[in-house]
Amino acid sequence: MQAKQEAEFQEFVRARWSRLVRTAYLLTGDVHHAEDLTQTALAKAYRSWRRVSRSDSPEAYVRRMLVNCNSDQFRKRRVVEALTAAPPETAGHEEAVLQADERTALITALAGLPPRQRAVVVMRYWEDLSETEVAEVLGCSPGTVKSQASKALAKLRTHPGLGRNVDEPVRSRVPSGQEVSR
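The paragraphs below set out a description of the structure included in this document. For clarity, every value in this text was computed on a predicted model and none was experimentally measured.

1. Structural notes on the packing of helix α7 (residues 131–138) against helix α8 (residues 142–157)
Okay, step 1: Between α7 and α8, the shortest axis-to-axis distance is 8 Å and the interhelical angle comes to 100°. Taken together, α7 and α8 sit at an angle that is classed as roughly perpendicular. Across from Glu-131, Val-134 and Ala-135 in α7, the residues of α8 making contact are Pro-142, Val-145 and Lys-146.
Okay, step 2: Here the residues of the contact of α7 with α8 are counted per class, giving four nonpolar, no polar and two charged.

Right under this line is the structure:
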């Protein structure tokens, strides 16, 4: 690789490392796996940087590589990992603990989705990509993205760790002590 391309690649990695690791974390549910996955995808991108840098969106290209590498690892591994319901150590303020518990529940729920649905949910709702952009990254139609998102959200709505079922009414207490649905 030429010095100019090398510098361009290094700048790309510096600018997008944390975002790619965050996406990988949401795909894998583990910080260490996420970093490994990101490094693997970036190593592949480095080998073909000339082609990657000429694409319309190098970040989308590398994100696609990230999803593919995750799928490859998932196929090879075939081992189900059980995420714990709560982190081993909970310290700090109650609100921070509650947020950590909610995040853990979300990661656990995401881990229960099939890899394709997980990728759609992560890119569509966490990365805030449009359906068209997600379809481009995954190499499928926007209709497939919509159906995968719909199926994934239906599963997430019924996950016990994510709070109440959305089909159940919210109950609140009024001053007289009677419950009222809203």
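2. Looking at the environment of Arg-157
Okay, step 1: Tracing the sequence through the fold places Arg-157 in helix α8.
Okay, step 2: By relative accessible area, Arg-157 is classed as partly exposed at 41%.
Okay, step 3: Sequence separation of Arg-157 and Ala-109 is 48 residues, and the distance between their C-alpha atoms is 9.5 Å.

3. What about the packing of aromatic side chains?
Okay, step 1: Under the defined criterion, the tally for this structure stands at three aromatic pairs.
Okay, step 2: Each ring, one from Phe-9 and one from Tyr-46, has its centre 5.1 Å from the other, and the planes form 65°; the classification is edge-to-face. With Phe-9 in helix α1 (residues 3–28) and Tyr-46 in helix α2 (residues 31–47), this residue pair connects regions lying 37 residues apart in the sequence.
Okay, step 3: Phe-9 gets classed as buried once you look at its relative accessible area, which sits at 9%.

4. With respect to the pattern of salt bridges
Okay, step 1: For the structure shown, the criterion picks out six salt bridges.
Okay, step 2: Measuring nitrogen to oxygen at the nearest pair gives 3.5 Å for the salt bridge that ties Glu-11 to Arg-14. A residue pair is termed a helical-turn pair when its members lie 3 or 4 positions apart in one helix, as Glu-11 and Arg-14 do in helix α1 at three residues.
Okay, step 3: Residue Arg-19 pairs with Glu-127 through a salt bridge whose shortest N-O separation is 2.8 Å. You can see Arg-19 sitting in helix α1 and its partner Glu-127 sitting in the loop between α6 (115–126) and α7, a full 108 residues away along the chain.

Procedures and definitions
Residues numbered from 1 in each chain as written. Predicted model: local features only at pLDDT ≥ 70, side-chain atom pairs only at ≥ 80, totals over all residues. Heavy atoms only, no water. Axes fitted to C-alpha atoms, helices over the stretch in contact; angles between N-to-C directions. Helix = DSSP H or I, 4+ residues; strand = E, 2+ residues; numbered from the N terminus. Parallel < 35°, antiparallel > 145°, perpendicular 65-115°, else oblique. Contact = heavy atoms within 4.5 Å. Nonpolar A, V, L, I, M, F, W, Y, C, P; charged D, E, K, R; others polar. Buried < 20%, exposed > 50% of the residue type's maximum accessible area, 1.4 Å probe, protein only. Phe/Tyr/Trp six-rings, centres within 6.5 Å; stacked < 30°, edge-to-face > 60°. Salt bridge = Lys/Arg side-chain N within 4 Å of Asp/Glu carboxyl O.

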